[in-house]
Amino acid sequence: MSTGTAVALVVAAIVGGSALVSAAEPGTATPASGSERERALAAFDRIREQQADAWYREDSAAFAATFTSDADVVTFNGDHLRTRDGIEEGMRFYFEHYIDHTRLRTVDEHVRFAGPDLAIIVRTGCQLEPPNTECREDSLSRNTNVLVKRHGRWLQQSFQNTRVELPNPA
């Protein structure tokens, strides 16, 4: 499966906190050994933690550094940030104008390997306003993270974020 196909097959949560990781779907290609899978999962945790830390510090360069140089980010409002430099510039704008010193919390997470060097993570999460430990009411979202392994290092290739909204019972 190509990266483009993988991106097209998945839908969108926000980075943060602790995670629940499920096994790969039967029949999908995973890293060759259990230890390779464990190293990959640890790398994904580090990426999530680096992003959450950069988010809290409002550091757009550190946030963008977790992406490939040619990555794409689609934000909760549909803004399309292209390339690591574009992600840095776009996140700087969001941190300066819209994101006010919040923490990220992961509610749940599903990891699927689509190949030995390709993983798809669908994560649900929210923003916390310190010192609160509960999700901010309007901040629940679901994101899809496409990660690729290049030159022995995992990075995000694509990130699609969608705000979770309850259906209007009207």
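Scroll up a little and you will see the structure.
Reading the values: rules and limits
Residues numbered from 1 in each chain as written. Predicted model: local features only at pLDDT ≥ 70, side-chain atom pairs only at ≥ 80, totals over all residues. Heavy atoms only, no water. Pairing = 2+ DSSP bridges. Helix = DSSP H or I, 4+ residues; strand = E, 2+ residues; numbered from the N terminus. Axes fitted to C-alpha atoms, helices over the stretch in contact; angles between N-to-C directions. Contact = heavy atoms within 4.5 Å. Phe/Tyr/Trp six-rings, centres within 6.5 Å; stacked < 30°, edge-to-face > 60°. Buried < 20%, exposed > 50% of the residue type's maximum accessible area, 1.4 Å probe, protein only. Lys NZ or Arg CZ within 6 Å of the ring centre and 35° of its normal. Disulfide = S-S within 2.5 Å. Polar contact = N/O pair within 3.5 Å; in protein donor to acceptor, adjacent residues only side chain to side chain.

(A) Representation of the sheet that holds strand β1 (residues 67-74). Overall, mixed pairing links the six strands, which are arranged β2-β1-β6-β5-β4-β3 in an open sheet. A strand with exactly one partner marks an edge of an open sheet, and here the two such strands are β2 (80-82) and β3 (103-115). Strand-to-strand twist in this sheet, taken as the mean axis angle between neighbours without regard to direction, amounts to 15°. Relative to strand β4 (residues 118-128), β3 runs antiparallel, the two being bridged by 11 bridges. Opposite L104, over in β4, you have Q127 as the bridge partner. Seen against the sheet, helix α2 (residues 34-57) touches β1, β3, β4, β5 (141-150) and β6 (153-163) and runs at an angle of roughly 145° to β3.

(B) Expanded view of the packing of aromatic side chains. All chains considered together, the criterion is met by 10 aromatic pairs. Note on W55 and F95: the rings are 5.7 Å apart at their centroids and 85° apart in plane angle, and the pair reads as edge-to-face. Of this pair, W55 sits in helix α2 while F95 sits in helix α4 (residues 83-97); the two residues are 40 residues apart in sequence, bridging distant segments of the chain. In this structure, W55 and F95 share a single accessibility class: buried. An aromatic cluster is defined as three or more aromatic residues linked by ring pairs; in this entry it consists of W55, F63, F67, F95 and F159. Its end group placed over the ring of Y56, R103 keeps NZ or CZ at 3.5 Å from the ring centre. The ring of F76 has R163 sitting right over it, with the charged end atom 4.5 Å from the ring centre.

(C) Structural context of the pairing of β4. For β4, a buried count of 10 out of 11 residues is recorded, marking the element as mostly surrounded by other parts of the structure. Taking the residues that link successive antiparallel strands as the turn, the β3-β4 hairpin has two residues. Two strands pair when backbone bridges link them, and β4 and β5 are joined in this way by eight bridges, in the antiparallel orientation. Of the residues in β5, the one forming a bridge with T124 is R142.

(D) Focus on the state of the cysteines. Enumeration over the complete set of coordinates arrives at one disulfide. A sulfur-sulfur separation of 2.1 Å characterises the disulfide bridge that pairs C126 with C135. Across the S-S bond linking C126 and C135, the dihedral sits near -70°, which makes this disulfide left-handed. You can call C135 partly exposed: its relative accessible area is 28%.

(E) Just the side chain of T68, in detail. Residue placement: T68 occurs in strand β1. Among the polar contacts made by the side chain of T68, one reaches the side chain of D70 at a distance of 2.9 Å. Of note is the side chain of T68, whose polar atom sits 3.5 Å from the side chain of Q157. With residues up to four places along the chain from it excluded, the contact list for T68 reads R84, V148, R150, L155, Q156 and Q157.

(F) Seen up close, the environment of R48. Structurally, R48 can be placed in helix α2. A relative accessible area of 7% places R48 in the buried class.

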